[in-house]
Amino acid sequence: MAVIVKYVVERNGEEKMTFTSKSEADAYDKMLDMADEMFTLLSESELFEEDEAKQEELSLFLAQKREEVLIALGAKKKAAPKKKVVKPEAVDEQPQDDAA
């Protein structure tokens, strides 16, 4: 018999997601916290008066795209693209016959 540890993220008594890693579960829980805060912020707008589902969907999307949102708001700088290190190809050096 195997023992399996599972981490369950739960919101308002509802199981949202199950993880095998505590760090993944914590990251997901943090993302849901951000989505809740975005939902509250968006509720101040008149854009979603009759469509709470769209408001929730947008809140979740923005929380999932946290890094891109921070960059768009100027709160974080875009990471410079990593330079690809190109290794010189090995040249087959064979002795040449100079006895011609």
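Residues numbered from 1 in each chain as written. Predicted model: local features only at pLDDT ≥ 70, side-chain atom pairs only at ≥ 80, totals over all residues. Heavy atoms only, no water.

Draft legend 1. Geometry of the packing of helix 1 (residues 22–42) against helix 2 (residues 52–64). Axis separation between helix 1 and helix 2 bottoms out at 8 Å; the angle between their running directions is 130°. Of the possible angle classes, the one that applies to helix 1 and helix 2 is oblique. With respect to the hand of their crossing, helix 1 and helix 2 are arranged in right-handed fashion. In this structure, helix 1 uses Met-31, Leu-32, Met-34, Ala-35, Met-38, Phe-39 and Leu-42 to contact helix 2, whose residues at the interface are Glu-52, Gln-55, Glu-56, Leu-58, Ser-59, Leu-60, Leu-62, Ala-63 and Gln-64. Looking at side-chain class alone, the contact of helix 1 with helix 2 contains 11 nonpolar, three polar and two charged residues. (Axes fitted to C-alpha atoms, helices over the stretch in contact; angles between N-to-C directions. Helix = DSSP H or I, 4+ residues; strand = E, 2+ residues; numbered from the N terminus. Parallel < 35°, antiparallel > 145°, perpendicular 65-115°, else oblique. Left-handed = near helix turned anticlockwise from the far one by under 90°. Contact = heavy atoms within 4.5 Å. Nonpolar A, V, L, I, M, F, W, Y, C, P; charged D, E, K, R; others polar.)

Draft legend 2. Inspection of the layout of surface pockets at higher detail. For the largest pocket, the calculated volume is near 350 Å³. Every residue lining the largest pocket is counted, 13 residues in all, and those nearest its centre are Arg-11, Lys-16, Leu-32, Asp-36 and Glu-56. Counting residues per element, the ones that place at least two in the lining of the largest pocket are strand 2 (14–19), helix 1 and helix 2. Among the elements that take part in the lining of the largest pocket, helix 1 stands out by supplying five residues, more than any other. Taken together, the residues of the lining of the largest pocket break down into five nonpolar, two polar and six charged. (1 Å grid on protein atoms, 1.4 Å probe; cavity = no way out; pocket = protein on both sides within 12 Å on 5 of 7 lines; lining within 4 Å. Points joined across faces, edges and corners; volume = space filled by probe spheres on them.)

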